[in-house]
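Listed here are the chains, written in short residue letters.
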Amino acid sequence: VTRVFSGMQPTGVLHLGNYLGAMKQFIALQEEGECYYCIVDLHALTIPRDPAELRRRTRELAGLYVAAGLDPAKATIFVQSHNPDHAEAAWLLQCVARIGELSRMTQFKDKGKDSESATSGLFTYPVLMAADILLYQTEVVPVGEDQRQHMELTRDLAERFNRQYGEVFTVPDVRIQKATARIMGLDNPEKKMSKSAPSEANYIALLEEPKSILKKFKRAVTDSGTEIRFDPEQKAGVSNLLSIYSAVSGQSIDTLVEQYQGKGYGHLKVDTAEAVIAELEPLQARYHQLMESGEIDDILAKGAKQARAATAETLAKMKEAMGLIL
Ligand code: TYM
């Protein structure tokens, strides 16, 4: 069976981009692979957070994982800091990673490069991510397009470690779902949907009320034309709606384009909103049930145990290879 690992940060709200780009792949893969799905609370600390909010968001994300369809009987669902091997392996890999390659990471350049006060954790963020993945001898990492550069670094670090110290790591492959790799912002289809966007009109949160979802889709930015066709370059807004509609309805983009020939953008917006609402309603109902039941803490406790058991051997191999006394 294939080893699968992926993670999400418990920051901000989970949105439709996270769901379509990553979570849906997680759910599909749990049927065939040995899957580890992590809530990366240590990564969240790279930017100062309110402690109470971080705790709340961590449990919330665990609840959303399960409500969306991740099954703790099929996949390991756990909190990164509950397996101390991640932080330890990250240190070891920091002694393999180079300042030059970390300086070239676009996420660091966007968030921290020009700021003397950015944390050093923000700089070494991708090394911790590599540790997450490599500790599990991961073969496949399902993510959205924005994680591609981090995945290339992870592969480079694995290969370099194996060369310098002997074969310890599996070199993982990235798995990006082309059609939903980059869901764009509703208020600005030139930029990806993001939880740190300045306006709430940018994203659809997974726990958002139907009324609000409809309103945001109705106001989604499109273009001044009238023709409905799939053309991300010329018609970013309309194409984004088609991508979302197709992903939640299971209908192909070609079918949708044909179906909307001669109809206005308004129709497409309302129907996309309704399809999204129909997809999210059962998730929301399960989420609220689950959080009332208190089940989440048990799921995370079980996940922590399984995660620790999965990484002990690889961490020991890393230490041994690097010259630490076991
Ligand atoms: P994060 O928390 O920013 O995002 C979680 C996942 O959602 C995907 N995603 C999107 N996909 C499509 N369209 C969008 N607009 C969109 N926005 C976000 C992301 O690509 C990601 O798959 N560094 C990671 C967390 C991480 C990780 C890992 C991932 C830490 N360790 C190990 C995989 C393996 C991050 O910040 O994701």
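- The name an unreviewed UniProt entry gives the chain is Tryptophan--tRNA ligase, with Desmospora activa DSM 45169 as the organism.
- In its Function (unreviewed entry) section, the UniProt entry covering the chain states "Catalyzes the attachment of tryptophan to tRNA(Trp)."

**Comments concerning the UniProt feature "binding site: L-tryptophan" (unreviewed entry) in the chain**
Line of reasoning, step 1. Sequence positions flagged by UniProt for "binding site: L-tryptophan" (unreviewed entry) are, in local numbering, D132.
Line of reasoning, step 2. Inspection of the secondary structure puts D132 in helix 7 (residues 120-134).
Line of reasoning, step 3. The residues contacting D132, other than those within four sequence positions of it, are F5, V40, H43, Q80 and H86.

**Examining the site of the ligand**
Line of reasoning, step 1. In the neighbourhood of the ligand, 28 residues make up the surrounding shell, with Y125, D132, G144, D146 and I183 lying closest.
Line of reasoning, step 2. One nitrogen or oxygen atom from the main chain of G17 is found 3.2 Å from a nitrogen atom belonging to the ligand.
Line of reasoning, step 3. At a separation of 2.8 Å, a nitrogen atom of the ligand approaches a polar backbone atom of I183.
Line of reasoning, step 4. Looking at the shell around the ligand, the elements with two or more residues in it are strand 1 (3-8), helix 1 (16-29) and helix 7.

**As for empty space enclosed by the protein**
Line of reasoning, step 1. Counted under the stated rule, the structure contains three cavities of 30 Å³ or more.
Line of reasoning, step 2. Here the largest cavity is characterised by a volume of approximately 60 Å³.
Line of reasoning, step 3. Here the lining of the largest cavity is built from residues that sort into five nonpolar, three polar and three charged.

**Digging into the UniProt feature "short sequence motif: 'HIGH' region" (unreviewed entry) in the chain**
Line of reasoning, step 1. Within the UniProt annotation, "short sequence motif: 'HIGH' region" (unreviewed entry) is assigned to residues 10-18.
Line of reasoning, step 2. Annotated as residues 10-18, this span is 33% helix and 0% strand, and its ends, taken at the C-alpha atoms, are 12 Å apart.

**Observations concerning the side chain of N162**
Line of reasoning, step 1. Locating N162 in the fold gives a position in helix 8 (residues 148-165).
Line of reasoning, step 2. On the basis of relative accessibility, which here comes to 9%, the residue N162 falls in the buried class.
Line of reasoning, step 3. Aside from chain neighbours lying at most four places away, what touches N162 is E167, V168, F169 and V171.

**Considerations on the confidence of the model for the chain**
Line of reasoning, step 1. Mean pLDDT over the chain stands at 96; residues scoring 70 or higher make up 100%.
Line of reasoning, step 2. Interface predicted TM-score (ipTM) for the complex: 0.99; the corresponding pTM is 0.96.

**Looking at the state of the cysteines**
Line of reasoning, step 1. In total, this model carries zero disulfides according to the counting rule given.
Line of reasoning, step 2. No disulfide involves C35; its sulfur sits 13 Å from the nearest other cysteine sulfur, which is in C38.
Line of reasoning, step 3. Accessibility expressed as a relative area gives 2% for C35, which makes it buried.

**Describing the pairing of strand 1**
Line of reasoning, step 1. In this sheet, strand 2 (residues 34-39) lies alongside strand 1 in parallel orientation, the contact comprising six bridges. Across the sheet, G7 pairs through a bridge with C38, a residue of strand 2.
Line of reasoning, step 2. Each parallel crossover has a hand, and the one from strand 1 via helix 1 to strand 2 is right-handed.

The rules behind each value
Residues numbered from 1 in each chain as written. Predicted model: local features only at pLDDT ≥ 70, side-chain atom pairs only at ≥ 80, totals over all residues. Heavy atoms only, no water. UniProt positions renumbered as here; feature names shortened; annotations may be inferred. Helix = DSSP H or I, 4+ residues; strand = E, 2+ residues; numbered from the N terminus. Contact = heavy atoms within 4.5 Å. Near = heavy atom within 4 Å. Polar contact = N/O pair within 3.5 Å; in protein donor to acceptor, adjacent residues only side chain to side chain. 1 Å grid on protein atoms, 1.4 Å probe; cavity = no way out; pocket = protein on both sides within 12 Å on 5 of 7 lines; lining within 4 Å. Points joined across faces, edges and corners; volume = space filled by probe spheres on them. Nonpolar A, V, L, I, M, F, W, Y, C, P; charged D, E, K, R; others polar. Buried < 20%, exposed > 50% of the residue type's maximum accessible area, 1.4 Å probe, protein only. pLDDT = per-residue confidence, 0-100. Disulfide = S-S within 2.5 Å. Pairing = 2+ DSSP bridges. Right-handed = clockwise from strand over helix to strand, strands pointing away.

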